[in-house]
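# Chain and residue survey
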Amino acid sequence: MAKLCSCGEMLVPTMFLDRCKIISLPKIADPRGNLTYVEGGEHIPFAIQRVYYLYDVPGGAERGGHAHKGLQQLIVAMSGSFDVVLDDGDKKQRFHLNRSYNGLYVCPMIWRELDNFSSGSVCMVLASNRYDEADYYRNYDDYLVAQGLK
Ligand code: TYD
């Protein structure tokens, strides 16, 4: 099933992963400690409506395991490291996040899983919308059907 994005360009589901990428955020280096900032619509392609973070993640735990219908997100390793596996139903890509000045932009309709958390790591997510359970695909088969891949 082909999808139409807001720019009028036809997108097919297997193109979605290509829209996800690491964004380098501004970094003010300072011997007193570095500073990074994010402005919605400037450094990331959406206005920030919500911030949430994962912390105290036990060794071996996995988070995520869902996709969002409309939510855009930027995932940042504020401390420590973890992996994010993105899957558009056709291709998968694993990103290792370990720098607080890098964020992984995740567009809508991408299945994502987080694992390999280091001890004491903190995963911060900037999100384009407030929490809405109706925006989730929590079942992978349902997600594939919505992508037109099943
Ligand atoms: P969920 O998004 O399923 O996290 P994960 O995929 O990492 O396990 O969220 C876990 C629980 O937290 C779920 O019951 C919904 C709730 N939640 C909120 O209430 N608000 C939020 O902003 C988020 C992200 C989750």
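These lines cover the structure that appears in this document, whether it is placed above or below. All values derive from a computational prediction rather than experimental measurement.

Moving on, we get to empty space enclosed by the protein. For the coordinates displayed, the defined rule picks out one cavity of 30 Å³ or more. Lining the largest cavity are H66, A67, H68, L71, Q73, V106, C107, P108, M109, I110 and R112. Of all the elements, strand β7 (residues 63-68) adds the most residues to the lining of the largest cavity, at three residues. In the lining of the largest cavity, the residues fall into seven nonpolar, three polar and one charged.

Before going further, it helps to examine the nonpolar core. A general trend in soluble globular proteins is that nonpolar side chains are found buried together. Core analysis: the largest hydrophobic core is formed by 36 residues, its most contacted members being L74, I75, F82 and L86. Put simply, the parts of the chain that give this core at least two residues each are β8 (73-79), β9 (82-87), β10 (92-97), β11 (102-106), β12 (111-115), β13 (122-127) and α1 (140-146).

The next point concerns the site of the ligand. By nearness alone, every residue bordering the ligand is listed as R50, Y52, R63, G64, H66, Y131, Y136 and R138. Separating an oxygen atom of the ligand from a side-chain N or O atom of R50 is a distance of 2.5 Å. Contacts to the ligand include H66, whose side-chain N or O atom sits 3.0 Å from an oxygen atom. Relative to its unbound accessible area of 530 Å², the ligand is 60% covered by the protein chains. Those elements that provide at least two residues to the shell around the ligand are β6 (50-54) and β7. By residue number, the principal contributor to the shell around the ligand is β7, which donates three residues. The class makeup of the residues in the shell around the ligand is three nonpolar, two polar and three charged.

Take the pattern of salt bridges next. According to the stated counting rule, one finds six salt bridges in the structure shown. Here R32 makes a salt bridge to D30, at a shortest N to O gap of 2.8 Å. In this structure, K91 and D88 form a salt bridge, with 3.5 Å as the shortest nitrogen-oxygen distance. Taking the relative accessible area as the measure of exposure, D88 reaches 0% and is therefore buried. A single network of salt bridges, built from pairs that share partners, joins D83, R94 and D115.

Scoring rules and cut-offs
- Residues numbered from 1 in each chain as written.
- Predicted model: local features only at pLDDT ≥ 70, side-chain atom pairs only at ≥ 80, totals over all residues.
- Heavy atoms only, no water.
- 1 Å grid on protein atoms, 1.4 Å probe; cavity = no way out; pocket = protein on both sides within 12 Å on 5 of 7 lines; lining within 4 Å.
- Points joined across faces, edges and corners; volume = space filled by probe spheres on them.
- Helix = DSSP H or I, 4+ residues; strand = E, 2+ residues; numbered from the N terminus.
- Nonpolar A, V, L, I, M, F, W, Y, C, P; charged D, E, K, R; others polar.
- Core = buried A, V, L, I, M, F, W, Y, C linked by side-chain atoms within 4.5 Å.
- Buried < 20%, exposed > 50% of the residue type's maximum accessible area, 1.4 Å probe, protein only.
- Near = heavy atom within 4 Å.
- Polar contact = N/O pair within 3.5 Å; in protein donor to acceptor, adjacent residues only side chain to side chain.
- Areas by Shrake-Rupley, 256 points an atom, 1.4 Å probe, with all protein chains shown as cover.
- Salt bridge = Lys/Arg side-chain N within 4 Å of Asp/Glu carboxyl O.

Any functional reading would require information beyond the geometric quantities listed.
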